[in-house]
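Chain by chain, the residues:
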Number of protein chains: 2
Amino acid sequence: MGKIICCGLGPGDPDLMSVRAAREVRGARHVAFFRKKGHPGQARSIVEGMLSEGAIEYPMEYPVTTEVAFDSPEYARLLDAFHDDWAARLAELALRDDVVVLCEGDPYFYGSFMHLHLRLQGRTEVEVIAGIPGMVGCWNAIGRPIALGDDVVTVLTGTLGEDELVRRMRNSDALVIMKTGRNLGKIRRALQSAGRLTDAWLIERGTMPGERVARLVDVDETDCPYFAIVLVYGKAWRMKAAE
Amino acid sequence: MGKIICCGLGPGDPDLMSVRAAREVRGARHVAFFRKKGHPGQARSIVEGMLSEGAIEYPMEYPVTTEVAFDSPEYARLLDAFHDDWAARLAELALRDDVVVLCEGDPYFYGSFMHLHLRLQGRTEVEVIAGIPGMVGCWNAIGRPIALGDDVVTVLTGTLGEDELVRRMRNSDALVIMKTGRNLGKIRRALQSAGRLTDAWLIERGTMPGERVARLVDVDETDCPYFAIVLVYGKAWRMKAAE
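All values derive from a computational prediction rather than experimental measurement.

Conventions adopted
Counting starts from 1 at the beginning of each chain's written sequence and moves along it residue by residue. Lettering of chains starts at A and numbering of ligands starts at 1, both following the order in which they are written. Whole-chain, interface and lining totals are the exception, using all residues; otherwise, since this is a predicted model, local features are given only for residues with pLDDT of at least 70 and side-chain atom pairs are given and counted only at 80 or more. Note that the side-chain values use all heavy atoms of the structure and ignore hydrogens as well as water. Working definition: helices are DSSP H or I runs of at least four residues, strands are E runs of at least two. Numbering for both runs from the N terminus. Contacts are residue-level and defined by heavy atoms, with any inter-residue pair within 4.5 Å sufficient. By buried area we mean the combined loss of accessible area, with a 1.4 Å probe, across both parts when two parts are placed together. One speaks of a salt bridge when a side-chain nitrogen belonging to Lys or Arg is within 4 Å of a carboxyl oxygen belonging to Asp or Glu. Between N or O atoms, a polar contact is any pair within 3.5 Å; within protein, one atom must be a potential hydrogen donor and the other a potential acceptor, and residues adjacent in sequence are included only when both atoms are from side chains. Gly counts as polar in this scheme, as do all residues outside two lists: the nonpolar Ala, Val, Leu, Ile, Met, Phe, Trp, Tyr, Cys and Pro, and the charged Asp, Glu, Lys and Arg. Accessible area is worked out with a 1.4 Å probe on protein chains only. A residue is then buried under 20% of its type maximum, exposed over 50%, and partly exposed in between. Strands were regarded as paired on the criterion that DSSP finds at least two bridges between them. Confidence of the predictor at the level of single residues is given by pLDDT, which spans 0 to 100. When the copies are overlaid, the least-squares fit takes in C-alpha atoms only where the residue has pLDDT of at least 70 in both copies. Inter-axis angles, ranging from 0 to 180 degrees, are taken between N-to-C directions of lines fitted to C-alpha atoms, where helices are fitted over the stretch in contact. Comment on the angle field: the value is read as roughly parallel under 35 degrees, roughly antiparallel over 145, roughly perpendicular from 65 to 115, and oblique elsewhere. Should the near helix be turned counterclockwise from the far one by less than a right angle, the crossing is left-handed, whereas a clockwise turn marks it as right-handed. Here a cavity means grid points, on a 1 Å grid over the protein atoms only, where a 1.4 Å probe fits yet cannot get out; a pocket means an open set of points with protein on both sides within 12 Å along at least five of seven lines; lining residues are those with an atom within 4 Å of a point. Grid points are joined across faces, edges and corners, and a volume is the space filled by probe spheres set on the points.

Asks: Tell me about the environment of Val-47 of chain A, residues and numbers included.
Replies: Residue and element names in this part refer to chain A. Locating Val-47 in the fold gives a position in the loop between helix H2 (42-46) and strand E3 (56-61). Distance in space between the C-alpha atoms of Val-47 and Gly-12 is 9.1 Å, their sequence separation being 35 residues. With sequence-adjacent residues up to four places away left out, Val-47 is seen in contact with Leu-9, Met-17, Val-25 and Leu-102.

Asks: Pulling in residues and values, what's your account of the interface of chain A and chain B?
Replies: Counting residues at the interface gives 52 residues for chain A and 52 residues for chain B. Of the roughly 4300 Å² buried at the junction of chain A and chain B (both faces included), carbon and sulfur atoms supply 58%. The largest contributions to the chain A side of the interface with chain B come from Asp-15, Tyr-108 and Leu-118 of chain A, which together make up 14% of the buried area. In this assembly, chain A and chain B are joined by six salt bridges. Residues Asp-15 of chain A and Arg-20 of chain B are paired through a salt bridge, measuring 3.0 Å at the closest nitrogen-oxygen approach. The tally of links between chain A and chain B comes to 30 residue pairs in polar contact (both at pLDDT 80 or more). Among the secondary structure elements, those contributing two or more residues to the side of chain A that touches chain B are helix H1 (19-27), helix H4 (114-120), strand E5 (126-129), helix H5 (134-142), strand E6 (153-157) and helix H6 (162-170) of chain A. The leading source of residues in the side of chain A that touches chain B is E6 of chain A, at five residues. Here the side of chain A that touches chain B is built from residues that sort into 26 nonpolar, 13 polar and 13 charged.

Asks: Outline the pairing of strand E1 (residues 4-8) of chain A, listing residues and values.
Replies: Look at any regular strand and the pattern is simple: side chains alternate between the two faces of the sheet. All names here are of chain A. For E1, a buried count of five out of five residues is recorded, marking the element as mostly surrounded by other parts of the structure. Across four bridges, the pairing between E1 and E5 is parallel. Within the sheet, the bridge partner assigned to Cys-6 lies in E5 and is Val-128. Note that E1 and strand E4 (residues 99-103) share five bridges and pair parallel. Bridge pairing in E4 links Ile-5 to Val-100.

Asks: Tell me what's going on with the environment of Gly-54 of chain B, and back it up with residues and numbers.
Replies: Residue and element names in this part refer to chain B. Take Gly-54: it is sitting in the loop between helix H2 (42-46) and strand E3 (56-61). Classification of Gly-54 as exposed rests on a relative accessible area of 63%. On a C-alpha basis, the gap between Gly-54 and Arg-29 in space is 7.1 Å, while along the polypeptide they are 25 residues apart.

Asks: Got a sec to walk through the confidence of the model for chain A? Specific residues and values, please.
Replies: On average, residues of chain A carry a pLDDT of 93, and 97% of them reach 70 or more. Among the scores for the predicted complex, ipTM is 0.95 and pTM is 0.95.

Asks: Help me get a handle on the relation of the copies chain A and chain B, residues and values and all.
Replies: The transform that puts chain A on chain B rotates by 180 degrees and translates by 0.0 Å along the axis, for an RMSD of 0.0 Å. Expressed as an axis order, the relation between the two copies is that of a two-fold axis. Mapped onto chain B, 100% of the interface residues of chain A are again interface residues, and the two copies thus contact each other with one and the same surface.

Asks: Go over the packing of H6 of chain A against helix H7 (residues 184-193) of chain A with me, naming the residues and quoting the values.
Replies: Residues and elements named next belong to chain A. Where H6 contacts H7, the axes come no closer than 8 Å and their chain directions differ by 45 degrees. Accordingly, the angle class assigned to the pair H6 and H7 is oblique. Seen from above, H6 lies across H7 with right-handed handedness. Two secondary-structure elements touch here, H6 through Glu-162, Leu-165, Val-166, Met-169 and Arg-170 and H7 through Lys-186, Ile-187, Arg-189, Ala-190, Leu-191 and Ser-193.

Asks: Outline empty space enclosed by the protein, listing residues and values.
Replies: Regions of empty space are outlined by a rolling probe, equal in size to a water molecule, passed over the atoms. Scanning the model with the defined rule gives two cavities of 30 Å³ or more in all. What the largest cavity holds in volume is close to 80 Å³. Lining the largest cavity are Thr-154, Arg-168 and Asn-171 of chain A together with Thr-154, Arg-167, Arg-168 and Asn-171 of chain B. Of the residues belonging to the lining of the largest cavity, the class tally is no nonpolar, four polar and three charged. Here the second largest cavity defines a volume of roughly 40 Å³.

Written out as structure tokens, the structure is:
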């Protein structure tokens, strides 16, 4: 009888994986990971060169269709069926052997594995190994404290409405904005309205090859970066910078 | 010519240290860490058994006095002098050899090393290795996602005023409350006023021996835990739990 071990892989640099996750990845016989069809998959890329010979890989490819929009109820149903199917397949595999599921960042922090995790409750043993969240890798790229003292930190997603973004951006010392991509124009306008745009950084592919660090105000309007996070640093750093 | 390498050690379990931090700790010849006088020090405890033979240790002991209160301007001056002194000593050491500074969690996230980091700017090369923040270890202890979808996460410190705590607790999906200790009574009252107390968890010594996970509502009023964080999970999990 095996179990499912979800390994948080950290922000992208394999050297920032935890000692425990690295050990599980190297020893794994069954390795599952999400990816878009036609892409290697971000989680799989992080462990390149680490898998043992003979490890069996299970790419969990998101359903693609040209007929329904990604934000339609029909696509939500497709995605539900996809998660149901993979939860069943992994639970079946775990009857015989351990299965390692690769997950970028920390699995419990907005991780896609949670859609399987909720479905696996009570069906099989699931172990989750914490990882350094992507945002931590990003704020390390700047080389300044994101928060000190009694700073308030707010984590937002770019999928929120513009008015809500503005209100929350006005009301926090440090800001982390996830899920940027196509929302970057909205995020930029909201930061501007909140008076925080000149303090904002864009970090793309933090800790990975091709890392880019830029002031958001300098990023081209039409830019739509992958794996990017927007950061505004807390008051302790801003005070120091103003000295 | 050496440099200063600040190693984020993660939440407490040495197995959750990054591969890079573990390598630096094992190879270090000079190892500095903060501690209270008469205590082994949390960071030093995490690396117990990992230091090489012959490693030279530099416990940076916080100034203690029975004559001034910890929140007085006089104590702030003592602390400033303490940080100035250690920044100078580490910079001096780094003229000849690498110096590893141990730091719990992630150094850039409320880390005490930042007081040295700011003072070392331009004086010596400083490298910081990201770690899993303490809060991540704590939310992993519960085994549920802290945030999913478009959840808003707010990180607060128990040192904030009660009214501000209430207002911010009302206005976020997930909550992380750091710096609990003597502030726990105030945090509990604020959660109650915000209608979030029954959702709140206390995690003490997350991922470490002696870990304690409890619903805050069940914790004794007079309890004043060490290394504890209060968590309220985001709406995705609360919805699931209500099914």
